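Inside the fold
Here is what each chain is made of, one letter per residue.
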Amino acid sequence: MQKKILNTLLSLLAVFLLAGVISIQPAAAENIIVNGTFDNNTTGWTGSYTLSSGSAFPSLNSQPYFWGGKIAKNTITQTYDLNLDEQNALTVEYTMSADLFGYRDQNDNAIFTAKFFDGKGGTGTLLDSASLSGSTNDPGNWPNSFTAGNTPNFQQISGSVPSATQSIQFELTANRVTNNDNDGYADNLSFEISASGFAKIVNIDSTKNLSPEEGMKVVLPAASYTVSIIGIKDGGAYDAWSKNSRIEGCDENGLKCKKGWEHKYFYQLGDAKKVKVKQTGRYETQEQALENPPADITFTLTEETEVSFFVKDPKNPANNQGGVSLQIVGE
């Protein structure tokens, strides 16, 4: 009896352990700004600036802090490239914060901006941006003493990093409105990101990816996955594929084609047996094929596994057209 109870407990423990590895846990929030406190001089930033010093400046309990100097506008920047896990995450959430303030009754201000680009190093297309401005809370009526993280100087917003983002460029700009000094002040810049889930697009080329060895391969962490057919408008490279250079033998509605557009493909999990995903038919147009895709597939990996996606055409793949685009989502 005791042995039976022990075996039952061990079985339950195995189930709980397995459940713990088939979900992708969110990464802990991390501040990706380098030297946002300005305690290490100009480390991490491109551009020149001056640190606060002496009794001529407003008092902040986390001094030193950034100030604009004696020019009308001063901008410093730094760029963060998302790592592979962050690029492949289903969602990347951010919290952006800073202490931003000015001098007494003047309207000089500092603006902290994050810009999201689809290329590395702050290149490519600007997808979106987010900003905090020192003129938002208390323009022209600043006290002489501040406490970091408190009003009126502290600001914070949260949001989602656009899905195609590969890099984030941070800009801190001090703007002079009156007098000679640029009294746009800033300290404790923070941009915390947290990635969760997994999302990746795989594009199967029907002329090249023709076997497990030649397939489009992706290494997936332990999790449960859903794989869906997508088209070009959703970020894929293809809408459908055909084994032939000609489309023919379709009925009056463009269905049941002898030679037509389809979505049949295969996948292989590690060294396991390959699995066929059947098409719903062959169609006269790619649009019709995309409107009638195979059902989503699901699978669960208990360990990191290489998965290969491919199509098959043993006769004459050189005359194939198009391919299959898949969206892989893990949770």
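Here, every reference points to the structure presented above.
Residues numbered from 1 in each chain as written. Predicted model: local features only at pLDDT ≥ 70, side-chain atom pairs only at ≥ 80, totals over all residues. Heavy atoms only, no water.

1. With respect to the side chain of Gln169
With respect to the helices, strands and loops of the structure, Gln169 is situated in strand 11 (residues 167–175). With a relative accessible area of 16%, Gln169 lands in the buried category. The contact partners of Gln169, leaving out residues within four places of it in the chain, are Gln78, Thr79, Thr113, Ala114, Lys115 and Phe117. (Helix = DSSP H or I, 4+ residues; strand = E, 2+ residues; numbered from the N terminus. Buried < 20%, exposed > 50% of the residue type's maximum accessible area, 1.4 Å probe, protein only. Contact = heavy atoms within 4.5 Å.)

2. Focus on the state of the cysteines
For the structure shown, the criterion picks out one disulfide. Each sulfur of the disulfide joining Cys250 and Cys257 lies 2.0 Å from the other. As the torsion about the S-S bond is roughly 110°, the Cys250-Cys257 disulfide counts as right-handed. Overall, Cys257 belongs to the buried group, its relative accessible area being 6%. (Disulfide = S-S within 2.5 Å.)

3. With respect to the sheet that holds strand 11
The four strands are arranged 5-11-7-8 in an open sheet whose pairing can be described as antiparallel. Each end of this open sheet is capped by a strand with a single partner; those strands are strand 5 (73–81) and strand 8 (126–133). For this sheet, the mean angle separating the axes of adjacent strands, direction not counted, is 15°. Here seven bridges tie strand 7 (residues 109–117) to strand 8, and the two strands are oriented antiparallel to one another. (Pairing = 2+ DSSP bridges. Axes fitted to C-alpha atoms, helices over the stretch in contact; angles between N-to-C directions.)

4. Points about the pattern of salt bridges
Tallying each qualifying case throughout the model produces six salt bridges. Note that Arg246 and Glu248 form a salt bridge whose closest N and O atoms lie 3.5 Å from each other. Given the relative accessible area of 30%, Glu248 is considered partly exposed. The closest approach of N and O atoms between Arg282 and Glu262, which form a salt bridge, is 2.7 Å. Taken together, the residues span a long stretch of sequence, with Arg282 in the loop between strand 18 (275–277) and helix 3 (286–291) and Glu262 in the loop between strand 16 (241–242) and strand 17 (265–269) at a distance of 20 residues. Given the relative accessible area of 25%, Arg282 is considered partly exposed. Residue classification places Glu262 among the buried positions, given a relative accessible area of 1%. (Salt bridge = Lys/Arg side-chain N within 4 Å of Asp/Glu carboxyl O.)

5. A short note on the sheet that holds strand 18
Overall, antiparallel pairing links the four strands, which are arranged 14-20-17-18 in an open sheet. The open sheet terminates on both sides in strands that have one partner only, identified here as strand 14 (216–220) and strand 18. Shown here is a sheet whose adjacent strand axes are inclined to one another by a mean of 25°, direction ignored. Bridging between strand 17 and strand 20 (residues 305–310) involves four bridges; their strand directions are antiparallel. Directly across from Gln268, in strand 20, lies its bridge partner Ser308.

Everything listed is a geometric property; what it means functionally is a separate question.
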